[in-house]
Amino acid sequence: MHDASRGHDDSCAPRTNWKRDELVARILRRWRELTGGGLAKDQDRRTLVACSAGADSIALAFSLAQIPGSCVLAHVRHDIRPSSQTDAEAAHVAGLADQWGVPLAVGLAKVRDKPHNLEANARSARYELLAKLAAEHDCPFIATGHHADDQLETLLMSLMRGSGLSGMAGMRPRSPMCGKHLLRPMLDVRREEIEGLLQRAGLTWCEDPTNADTGLTRNRIRHELLPVLRAFQPDIAVRSSSWAQDLQAAHDYLNTQVDRVLERGEKQDRGVEWQRAELREVPDIILGMLPHRYIESTLARAGLDTLTRNAINSWVRSLKSRATDPTVHRIGPIVCYLDARRVRFEPARPGDGEKGD
């Protein structure tokens, strides 16, 4: 283990039944809620646990390991950090799997030479590999150790970017991913609770040295902003998790209204079209979500990361205005054609841009 390891250095502390530990019981209860509730048997909840060797993923893996046959540990190595660090982390996870009698799945995600954003490439490759390992090990569920403090960081980053309701809803406790179900059973658990469990259990973990790099926005929020917020409200992470759940429920309800608008559109060879007068009666918040939903249904989410609030606001203003001159609006990976009577969405082609407003 590299020298950023944390926790006690003994093997798992003796305990009659770890399932009775307050935090372990909470994690297991939430895991069961997310995997079918009382209608499912534990043997049908087989879960691939993404285990990086960090404290959060070890706490999750340790909790699920208390249910025999319930989980497989998965460790994904990336080629973007020194092998001295990744070797130590891989060995640590392998040691835990052996100690707990849990199957281990390993994989390598090569992203160093890929173009564009390294962090985004690593995340995408990691989830693709986790889905592959889950299929190989007959696991319908994949679980990650994201916790309440991670959720708070995510919400703050979305707020700073000016994200819409979808971004401000944060991470969901359960979502579809590559034909599997991605679970986050610890979104209401604080980081200090996680470390407390590992200390009680005598478990060590590894700290990724890059987590200390305050040149990265998330790390700067973690190390500089969150301590200030906790000084005002010590329980802010758990409160933010509850807030995210409320926003997720609101977002889901609004999506049903957006889907109704999308279904009323007239399907065309390359897109969908509405009467402009009809869309003028739709609330702005629904219109603002319409491009996102269209991209999800038509382009399988490709290009969602290029959507901007300015582009969405521009086409909504044009739609609601009384101007009759034709305009063209580039909205991320799609184009909106707008005239006096009609509104049409199409996937963008090379050279498509925005003319008019």
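This is a predicted model, so every value here is computed, not measured.

1. A look at the packing of helix α2 (residues 55-64) against helix α3 (residues 83-100)
Here's step 1: Packing of α2 against α3 leaves a shortest axis separation of 11 Å and a crossing angle of 15°. Between α2 and α3, the angle falls in the class roughly parallel. As α2 runs across α3, the sense of the crossing is right-handed. Contacts between α2 and α3 involve Ile58, Ala61 and Phe62 from the former and His92, Leu96 and Trp100 from the latter.
Here's step 2: Its residues placed into classes, the contact of α2 with α3 shows 5 nonpolar, 1 polar and no charged.

2. Focus on the nonpolar core
Here's step 1: Counting 38 residues, the largest nonpolar core has Ile58, Phe62, Leu64, Leu73, Trp100 and Leu203 as its most contacted members.
Here's step 2: Sorting the residues of this core by element identifies α1 (22-34), α2, β3 (71-78), α3, β5 (141-143), α7 (191-201) and β8 (204-206) as the ones contributing at least two each.
Here's step 3: By residue number, the principal contributor to this core is α2, which donates 7 residues.
Here's step 4: Dropping the residues within four chain positions of it, Leu73 is found in contact with Val49, Cys51, Ala61, Val93, Ala97, Trp100, Val102, Pro103, Leu104 and Ala105.
Here's step 5: Counting 27 residues, the second-largest nonpolar core is a separate cluster that includes Met289, Tyr294, Leu304 and Leu307.

3. Section: α7
Here's step 1: All of the buried residues along α7 are Glu193, Ile194, Glu195, Gly196, Leu197, Leu198 and Ala201.
Here's step 2: Directly beyond the C-terminal end of α7, a positive phi value near 70° is found at Gly202.

4. As for the pattern of salt bridges
Here's step 1: The final tally for this structure, using the stated rule, is 29 salt bridges.
Here's step 2: Here Glu346 ties to Arg349 by a salt bridge, and the two come within 3.6 Å at their closest N and O atoms.
Here's step 3: Residue classification places Glu346 among the buried residues on the basis of a relative accessible area of 8%.
Here's step 4: Salt bridges sharing partners connect three or more residues here, namely Glu266, Arg270, Glu273, Arg342, Arg344, Glu346 and Arg349.

Reading guide: rules and limits
Residues numbered from 1 in each chain as written. Predicted model: local features only at pLDDT ≥ 70, side-chain atom pairs only at ≥ 80, totals over all residues. Heavy atoms only, no water. Axes fitted to C-alpha atoms, helices over the stretch in contact; angles between N-to-C directions. Helix = DSSP H or I, 4+ residues; strand = E, 2+ residues; numbered from the N terminus. Parallel < 35°, antiparallel > 145°, perpendicular 65-115°, else oblique. Left-handed = near helix turned anticlockwise from the far one by under 90°. Contact = heavy atoms within 4.5 Å. Nonpolar A, V, L, I, M, F, W, Y, C, P; charged D, E, K, R; others polar. Core = buried A, V, L, I, M, F, W, Y, C linked by side-chain atoms within 4.5 Å. Buried < 20%, exposed > 50% of the residue type's maximum accessible area, 1.4 Å probe, protein only. Salt bridge = Lys/Arg side-chain N within 4 Å of Asp/Glu carboxyl O.

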